[in-house]
Amino acid sequence: AQSVTQLDSQVPVFEEAPVELRCNYSSSVSVYLFWYVQYPNQGLQLLLKYLSGSTLVKGINGFEAEFNKSQTSFHLRKPSVHISDTAEYFCAVSDLGGATNKLIFGTGTLLAVQP
Amino acid sequence: DAGVIQSPRHEVTEMGQEVTLRCKPISGHNSLFWYRQTMMRGLELLIYFNNNVPIDDSGMPEDRFSAKMPNASFSTLKIQPSEPRDSAVYFCASSFTATEAFFGQGTRLTVV
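Residues numbered from 1 in each chain as written. Chains lettered and ligands numbered in written order. Predicted model: local features only at pLDDT ≥ 70, side-chain atom pairs only at ≥ 80, totals over all residues. Heavy atoms only, no water.

1. What about the overall build of chain A?
In terms of helices and strands, chain A carries 0 helices and 12 strands. Element order for chain A, N to C, with α for helix and β for strand: β-β-β-β-β-β-β-β-β-β-β-β. For 115 residues, the compact-globule estimate of 2.2 N^0.38 gives 13 Å, and chain A sits close to it at 14 Å. The principal-axis extent of the C-alpha atoms belonging to chain A is close to 45 × 30 × 20 Å. Here chain A, with 115 residues, has 47% of them falling under the buried criterion. Of the contacts made within chain A by residues no fewer than 6 positions apart, 57% connect residues no fewer than 24 positions apart. (Helix = DSSP H or I, 4+ residues; strand = E, 2+ residues; numbered from the N terminus. Rg over C-alpha atoms; globule rule 2.2 N^0.38 Å. Buried < 20%, exposed > 50% of the residue type's maximum accessible area, 1.4 Å probe, protein only. Contact = heavy atoms within 4.5 Å.)

In structure tokens, the structure reads:
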């Protein structure tokens, strides 16, 4: 069974500073990897996804993530954050080639951008 | 497409009452998921359907919870009887393949 670990429950950062949100996964099979963002009182919105190909994936709002198979990681980065990036970020994994589309989420990381 | 539609957006009910949450997935999607979000436990997958058939309901917390998908365009999550600890935001999501899931806006349930 797959699982996702987001070690940081909260990451405070100043505006215009770089940020990295960490995500590690475990799975016995190949997987798809995702980052979702949740703004207050809203549903989850897809930020980016890794399916295959280049290990560096670019998403919306200037975010990018790098898939590292040897370290089973999929860390999310942004070189310069804005106040509007304040939100909860979720890493997720699904079973590549599985019979179903089951999506498992990490516990989330709250990105708190301060002026 | 209007996206995944959930109703109601907010529900306040008394302990012991039956609660029914509704979800309309995106047309053409063949998988549907129900998640529960709380501060303590984060996002938990309760149950998911593939082609209207429940595939895995191991996340359903108790027998008080049940979910149905009578057709490809509608699903319900029912709690009977409801308890205060069921208070949470319940999300429905749908997908066509394993490459992306689309979420509704959620139903905030408060059981008093």
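Text resumes after the structure shown.
2. Observations regarding the layout of surface pockets
Estimated volume of the largest pocket: approximately 690 Å³. In terms of lining residues, the largest pocket is bounded by 29 residues, among which Gln-38, Glu-88 and Phe-90 of chain A together with Gln-37 and Met-39 of chain B are the most central. For the lining of the largest pocket, the secondary-structure elements that each account for two or more residues are strand 10 (87–95) of chain A together with strand 4 (31–38), strand 5 (42–50), strand 9 (88–95) and strand 11 (107–111) of chain B. Broken down by element, the residue count for the lining of the largest pocket peaks at 3 residues, all from strand 10 of chain A. Of the residues belonging to the lining of the largest pocket, the class tally is 10 nonpolar, 15 polar and 4 charged. Size it by volume and the second largest pocket reaches roughly 210 Å³. Lining of the second largest pocket is provided by 16 residues; of these, Ile-104 of chain A together with Leu-43, Glu-44, Leu-45 and Leu-46 of chain B occupy positions nearest its centre. Every element with two or more residues in the lining of the second largest pocket is listed here: strand 11 (103–105) of chain A together with strand 5 of chain B. Considering each element in turn, the lining of the second largest pocket owes the most residues, 6 residues, to strand 5 of chain B. The residue makeup of the lining of the second largest pocket, split by class, is 7 nonpolar, 5 polar and 4 charged. (1 Å grid on protein atoms, 1.4 Å probe; cavity = no way out; pocket = protein on both sides within 12 Å on 5 of 7 lines; lining within 4 Å. Points joined across faces, edges and corners; volume = space filled by probe spheres on them. Nonpolar A, V, L, I, M, F, W, Y, C, P; charged D, E, K, R; others polar.)

3. Focus on the interface of chain A and chain B
Tallying the contact residues gives 20 residues for chain A and 24 residues for chain B. Carbon and sulfur atoms make up 54% of the area that chain A and chain B hide from each other, which totals about 1,800 Å². Counting every contact that joins chain A to chain B gives 1 salt bridge. The closest approach of N and O atoms between Glu-100 of chain B and Lys-49 of chain A, which form a salt bridge, is 3.4 Å. Where chain A packs against chain B, one counts 5 residue pairs in polar contact (both at pLDDT 80 or more). (Buried area = accessible area lost by both parts, 1.4 Å probe. Salt bridge = Lys/Arg side-chain N within 4 Å of Asp/Glu carboxyl O. Polar contact = N/O pair within 3.5 Å; in protein donor to acceptor, adjacent residues only side chain to side chain.)

4. Points about the pattern of salt bridges
Residues and elements named next belong to chain B. Inspection of the entire model under this criterion finds 14 salt bridges over all chains. When the shortest N-O distance is used, the salt bridge between Glu-62 and Arg-85 registers 2.8 Å. In this pair, Glu-62 sits in the loop between strand 6 (53–56) and strand 7 (65–71) while Arg-85 sits in the loop between strand 8 (74–79) and strand 9, placing the two residues 23 residues apart along the sequence. Taking the shortest distance from any N to any O, the salt bridge between Glu-83 and Arg-64 comes out at 3.5 Å. Separated by 19 residues along the polypeptide, Glu-83 in the loop between strand 8 and strand 9 and Arg-64 in the loop between strand 6 and strand 7 bring together distant segments of the chain. A residue is classified by how much of its surface remains accessible, and Glu-83, at 23% relative accessible area, is partly exposed. Put simply, Glu-62, Arg-64, Glu-83, Arg-85 and Asp-86 are held in one network by salt bridges that share partners.

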